[in-house]
Each structure stands twice: as structure tokens, then as C-alpha cells.
Amino acid sequence: MQGSRVAQAVQRIFEAKSKYTRLEYDEEDGQVLNPPASTGDLAWLEARLGSVLPPTYREFLSLHDGWLGFSGEAMLLPAREHEAPWVQKKRAELEAHLAEFFSPAILASAFIVMLGREEKNFVFLDTKSRLPTGELEVVNFDMVDGEYGRYASFVAYLEYVAKRLEKRLAAL
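In this text, all values refer to a predicted model and were calculated from it rather than measured experimentally. (Residues numbered from 1 in each chain as written. Predicted model: local features only at pLDDT ≥ 70, side-chain atom pairs only at ≥ 80, totals over all residues. Heavy atoms only, no water.)

**Overview of the overall build of the chain**
And then number 1: Within the chain, the regular secondary structure consists of five helices and seven strands.
And then number 2: Tracing the chain from N to C terminus, the helices and strands come up as α-β-α-α-β-β-α-β-β-β-β-α.
And then number 3: For the chain, the C-alpha radius of gyration of 16 Å lies close to 16 Å, the compact-globule estimate for 172 residues.
And then number 4: Considering only C-alpha atoms, the chain reaches an extent of 40 × 35 × 30 Å along its principal axes.
And then number 5: Burial status across the chain gives 47% buried among its 172 residues.
And then number 6: In the chain, of all internal contacts separated by at least 6 residues, the share reaching a separation of at least 24 is 53%.
And then number 7: Carbon together with sulfur atoms contributes 52% to the accessible area of the chain, which is approximately 8800 Å² in total.
And then number 8: If you average the places of the 20 positive and of the 26 negative side-chain charges in the chain, the two averages end up 3 Å apart. (Helix = DSSP H or I, 4+ residues; strand = E, 2+ residues; numbered from the N terminus. Rg over C-alpha atoms; globule rule 2.2 N^0.38 Å. Buried < 20%, exposed > 50% of the residue type's maximum accessible area, 1.4 Å probe, protein only. Contact = heavy atoms within 4.5 Å. Areas by Shrake-Rupley, 256 points an atom, 1.4 Å probe, with all protein chains shown as cover. Lys, Arg positive; Asp, Glu negative; His and termini not counted. Charge placed at Lys NZ, Arg CZ, Asp CG, Glu CD.)

Have a look at this one:
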């Protein structure tokens with residue numbers, strides 16, 4: 001397998017999800033990797049974040065501006081999807097839920113990168129965790145159980161997902 005760690009992780013996840021869905025459900029999984037984000041979209045997203053994008057997240061968006069069907073109905077958000085009304089509505093719902101059951105401060109430093117309309121988990125870049133490499137930690141958060149995964153970079157998160165899917169596939 002050639003390419004960067006990001007490209008390799010994307011390929012591993014895409015292939016494992018496709019194969020798992022075909023074997024387990026005898027259907028196609030419906031995931032879609034979007035074309036690359038434009039430089040304008042990347043600049044817009046950096047302005048929204050208020051700083052440069054973490055290197056491996058930027059690389060992912062330079063390869064694929066979002067991934068539909070990444071985890072169930074949840075997607076890795078395309079750059080401009082951050083301003084979509086459904087994303088804003090979902091963020092408001094998350095804020096209300098977190099204020100009631102966890103801490104409203106969680107979203108204060110969260111730049112959401114994975115979200116679904118009906119999904120109970122989401123993934124975000126922790127903007128308070130900038131590492132010397134320029135990476136931001138990636139947090140997997142469940143609306144019932146809370147934080148259940150923290151990764152040193154976006155590529156580390158992708159590699160975790162790839163490994164988890166490959167284990168599930170091997171168990172079939």
C-alpha cells in the first residue's frame with residue numbers, strides 16, 4: 001500500500017467497511033469519499049477554526065472533502081458543511097444535552113469533524129490541545145457514555161478506526 005499514512009488509513013477503512021457490509025448484510029455500504037477540498041474551502045475552514053488546520057486533518061481534506069457514511073449515517077464533514085443549517089441545529093442540540101448531562105464547556109473547545117443527524121456520537125478536534133507537531137487531539141464522544149477515545153492526531157484516529165474495522169471483519 002502506497003501513499004501517506006492518511007491515504008493508507010482512508011484506503012483501509014474504505015475497503016474494510018465495503019467488505020464488511022457486503023459480507024454481513026449482502027449490500028453496498030453507501031459510503032462516499034468526496035473530491036478534494038479547494039484551497040478556498042481550506043482557508044475558509046481555517047478562518048472558522050481560528051488557526052491553521054492540523055496537518056493530518058488538512059491532508060485528509062486535501063484528498064477528500066468529507067466522507068459520507070463514515071460511521072453509520074454520520075459523516076466526516078466537508079469543509080462548507082460546517083455552516084449547513086442541520087449542523088448548526090445539531091450543535092445546538094448537543095450543547096443542550098451536554099449542559100444537562102455532562103459539561104457545557106466540552107463544546108467550547110470542540111471543532112466538530114464527524115457528525116450525523118441522528119447519531120449519538122460525534123468526533124471533534126480539541127482546540128485546547130495543540131501539540132508541537134501542529135496536530136490537535138481528536139476526541140470521540142458519545143452522548144450517553146461521554147468521551148470514549150482520544151487520539152494524538154487525525155491520522156491516529158483514522159488508524160484506530162481502520163484497526164477496529166479490520167478486527168470486526170476478521171471475526172466474521
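**Some words on the side chain of His82**
And then number 1: Inspection of the secondary structure puts His82 in the loop between strand S3 (74-76) and helix H4 (85-101).
And then number 2: Exposure remark for His82: the relative accessible area of 5% places this residue in the buried category.

**A look at the environment of Ala79**
And then number 1: Inspection of the secondary structure puts Ala79 in the loop between S3 and H4.
And then number 2: Judged by its relative accessible area of 0%, Ala79 is buried.
And then number 3: Excluding residues within four positions of it along the chain, Ala79 makes contact with Asp41, Trp44, Leu45 and Asp65.

**Details of the pairing of strand S5 (residues 121-126)**
Remark: a regular strand shows side chains that alternate across the two faces of the sheet.
And then number 1: Buried residues dominate S5, accounting for six of its six residues.
And then number 2: Burial along S5 is two-sided: the face carrying Asn121, Val123 and Leu125 and the face carrying Phe122, Phe124 and Asp126 are both buried.
And then number 3: Taken together, strand S4 (residues 110-115) and the strand that follows it, S5, pair antiparallel across an intervening segment of five residues.
And then number 4: Relative to strand S6 (residues 137-142), S5 is paired through six bridges, and the arrangement is antiparallel. Paired with Leu125 across the strands is Val138, a residue of S6. (Pairing = 2+ DSSP bridges.)

**Quick look at the packing of aromatic side chains**
And then number 1: All told, the structure shown has 13 aromatic pairs when counted by the stated rule.
And then number 2: Ring-pair connections join several aromatic residues into one group, and the members of that group are Phe14, Tyr57, Phe60, Trp67, Phe70, Tyr151, Phe154, Tyr157 and Tyr160.
And then number 3: Its end group placed over the ring of Tyr20, Arg168 keeps NZ or CZ at 4.5 Å from the ring centre. (Phe/Tyr/Trp six-rings, centres within 6.5 Å; stacked < 30°, edge-to-face > 60°. Lys NZ or Arg CZ within 6 Å of the ring centre and 35° of its normal.)

**Considerations on the pattern of salt bridges**
And then number 1: Summed over all chains, the structure comprises eight salt bridges.
And then number 2: Of the charged contacts, one joins Glu159 and Arg5 as a salt bridge, the two residues approaching to 2.6 Å between their closest N and O atoms. Residue Glu159 is located in helix H5 (residues 154-170), and its partner Arg5 is located in helix H1 (residues 5-25); the two are separated by 154 residues in the primary sequence.
And then number 3: Given a relative accessible area of 24%, Glu159 falls into the partly exposed group.
And then number 4: When the shortest N-O distance is used, the salt bridge between Arg150 and Glu137 registers 2.7 Å. Highlighted residues: Arg150 in strand S7 (residues 146-151) and Glu137 in strand S6, separated in sequence by 13 residues.
And then number 5: On the basis of relative accessibility, which here comes to 36%, the residue Arg150 falls in the partly exposed class.
And then number 6: Through salt bridges with shared partners, a single ionic network connects Asp126, Glu137, Glu147 and Arg150. (Salt bridge = Lys/Arg side-chain N within 4 Å of Asp/Glu carboxyl O.)

**Considerations on the layout of surface pockets**
And then number 1: Taken as a whole, the largest pocket spans an internal volume of roughly 340 Å³.
And then number 2: Lining of the largest pocket is provided by 15 residues; of these, Lys17, Thr21, Gly69, Ser71 and Gly72 occupy positions nearest its centre.
And then number 3: Of all the secondary-structure elements, those providing two or more residues to the lining of the largest pocket are H1, strand S2 (67-71) and H5.
And then number 4: Residue classes in the lining of the largest pocket are distributed as five nonpolar, four polar and six charged.
And then number 5: Its boundaries defined by the atoms lining it, the second largest pocket holds a volume of some 240 Å³.
And then number 6: Forming the boundary of the second largest pocket are Trp86, Lys89, Lys90, Glu93, Leu94, His97, Arg117, Glu118, Glu119, Lys120 and Met143. (1 Å grid on protein atoms, 1.4 Å probe; cavity = no way out; pocket = protein on both sides within 12 Å on 5 of 7 lines; lining within 4 Å. Points joined across faces, edges and corners; volume = space filled by probe spheres on them. Nonpolar A, V, L, I, M, F, W, Y, C, P; charged D, E, K, R; others polar.)

Just distances and angles here, no functional claims.
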